[in-house]
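# Residue-level structure breakdown
This is what each chain is made of:
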Amino acid sequence: NKVFKFNGAALAYKPKQKAIPVYIGAQGEKMLETAGKIGDGALINASNPKDFAFAVPIIKKAAGDKKFDVAAYTSFSIDTDAKKAKGAVRPVVGFIAAGAPVPVLQRHGLDLNAVNTIKGGLAKGDFKTAFGAVSDAMIDAFSIYGTPQDMIAKIKGLEAAGCTQIVAGSPIGADKNKSIRLIGKYIV
């Protein structure tokens, strides 16, 4: 591989549309407000309607009457076998729970001691302990998983909470190729 530098490089690209929409990644109250004020949309790293019940009113107040997209960047896992989908999402949820702020954990009524167990396991590289402490409540709070029919219902719940777009984030499913085919057939 060669590494090279260009001084004063430019890209000669003209988008087909006049304005490219700007989406702002936001979760906390001030960032949600900022996204509503200056953005065209918000990309919210959440998978549960409770998080959007918190976020959407803040955004709508700040956005006023302008058109605004609320995109849910979900931890998403689909399979024809719901147990496989749930198993695939467990490690991702472990990392999400370990990095979640206390108010978010409290919003979902999650066990802070279990979250500390996850953090301790991750810090030591002890994934068995970390992911073993991931509860069903954490999985429900921080992901959407299941069969295509389960996922359609969960997506409808997010839409009812104010989401206008759903992003299928990691892990997508236990078998990536199968999951992508299922998303294409049933979700898109």
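Reading the values: the criteria
Residues numbered from 1 in each chain as written. Predicted model: local features only at pLDDT ≥ 70, side-chain atom pairs only at ≥ 80, totals over all residues. Heavy atoms only, no water. Core = buried A, V, L, I, M, F, W, Y, C linked by side-chain atoms within 4.5 Å. Buried < 20%, exposed > 50% of the residue type's maximum accessible area, 1.4 Å probe, protein only. Helix = DSSP H or I, 4+ residues; strand = E, 2+ residues; numbered from the N terminus. Contact = heavy atoms within 4.5 Å. Phe/Tyr/Trp six-rings, centres within 6.5 Å; stacked < 30°, edge-to-face > 60°. Lys NZ or Arg CZ within 6 Å of the ring centre and 35° of its normal. Patch = residues over 30% accessible without salt bridge, like charges linked within 9 Å, V, L, I, M, F, W, Y side chains within 5 Å. Areas by Shrake-Rupley, 256 points an atom, 1.4 Å probe, with all protein chains shown as cover. Salt bridge = Lys/Arg side-chain N within 4 Å of Asp/Glu carboxyl O. Axes fitted to C-alpha atoms, helices over the stretch in contact; angles between N-to-C directions. Parallel < 35°, antiparallel > 145°, perpendicular 65-115°, else oblique. Left-handed = near helix turned anticlockwise from the far one by under 90°. Nonpolar A, V, L, I, M, F, W, Y, C, P; charged D, E, K, R; others polar. Polar contact = N/O pair within 3.5 Å; in protein donor to acceptor, adjacent residues only side chain to side chain.

It is worth spelling out the nonpolar core at this point. Core analysis: the biggest nonpolar cluster contains 26 residues, and L32, I44, F52, I59, F68, V70 and F76 have the highest contact counts within it. Residue assignment for this core shows that the elements contributing at least two residues are α1 (29–38), β2 (41–44), α2 (49–63), β3 (69–78), α8 (148–160) and α9 (176–187). For this core, the element with the most residues is α2, which contributes six residues. Setting aside anything within four residues of it in sequence, one finds F52 in contact with I44, A46, S47, P57, V70, A72, L158, A161 and C163. The next biggest cluster of nonpolar side chains, apart from the first, holds 22 residues, and it includes V89, L110, I118 and Y145.

Counted under the stated rule, the structure contains two aromatic pairs. Summarising the aromatic geometry, the rings of F127 and F131 are spaced 5.6 Å apart at their centres and angled 20 degrees between planes, so their arrangement reads as stacked. Taken together, the residues F127 and F131, both in helix α6 (residues 127–132) and four residues apart, mark about one turn of the helix. Looking at F131, the relative accessible area reads 16%, which means it is buried. Linked through ring pairs, F95, F127 and F131 together constitute an aromatic cluster. A cation over an aromatic ring shows up here: R107 above the ring of F54, its NZ or CZ 4.2 Å from the ring centre. Here K154 stacks its cationic end above the ring of Y145, 4.0 Å away from the centre of that ring.

What follows is about a nonpolar patch on the surface. A contiguous nonpolar patch, built from Y23, L43 and Y73 and spanning about 250 Å² of accessible area, is present on the exposed surface. Tracing the backbone shows Y73 in strand β3. Residue classification places Y73 among the partly exposed positions, given a relative accessible area of 35%.

Going from S170 to P171, the amide bond is cis rather than trans, its omega being 15 degrees. Considering the arrangement of structural elements, one finds P171 in strand β5 (residues 165–172).

In the contact formed by α1 and α2, the axes pass within 7 Å of each other and the chain directions differ by 40 degrees. What the angle tells us is that α1 and α2 run oblique. Our pair here, α1 against α2, has a crossing hand that is right-handed. When α1 is examined against α2, the residues E29, L32, E33, G36 and K37 are found in contact with a partner set consisting of F54, A55, I58, I59, A62 and A63. Tallied by class, residues from the contact of α1 with α2 come to seven nonpolar, one polar and three charged.

What follows deals with the environment of K66. Mapped onto the secondary structure, K66 falls in the loop between α2 and β3. Each C-alpha atom of the pair K66 and D40 lies 8.4 Å from the other, and the pair is 26 residues apart in sequence. The residues contacting K66, other than those within four sequence positions of it, are G36, K37, I38 and G39. Among the polar contacts made by the side chain of K66, one reaches the main-chain carbonyl oxygen of G39 at a distance of 2.7 Å.

Attention shifts here to the pattern of salt bridges. Per the counting criterion, the structure on display carries five salt bridges. Among the ionic pairs, E33 bridges to K30, the shortest N-O distance being 4.0 Å. Placement of both E33 and K30 in helix α1 is noted, with a separation of three residues, approximately one turn of the helix. K30 gets classed as exposed once you look at its relative accessible area, which sits at 62%. The structure contains a network of salt bridges with shared partners spanning K30, E33 and K37.

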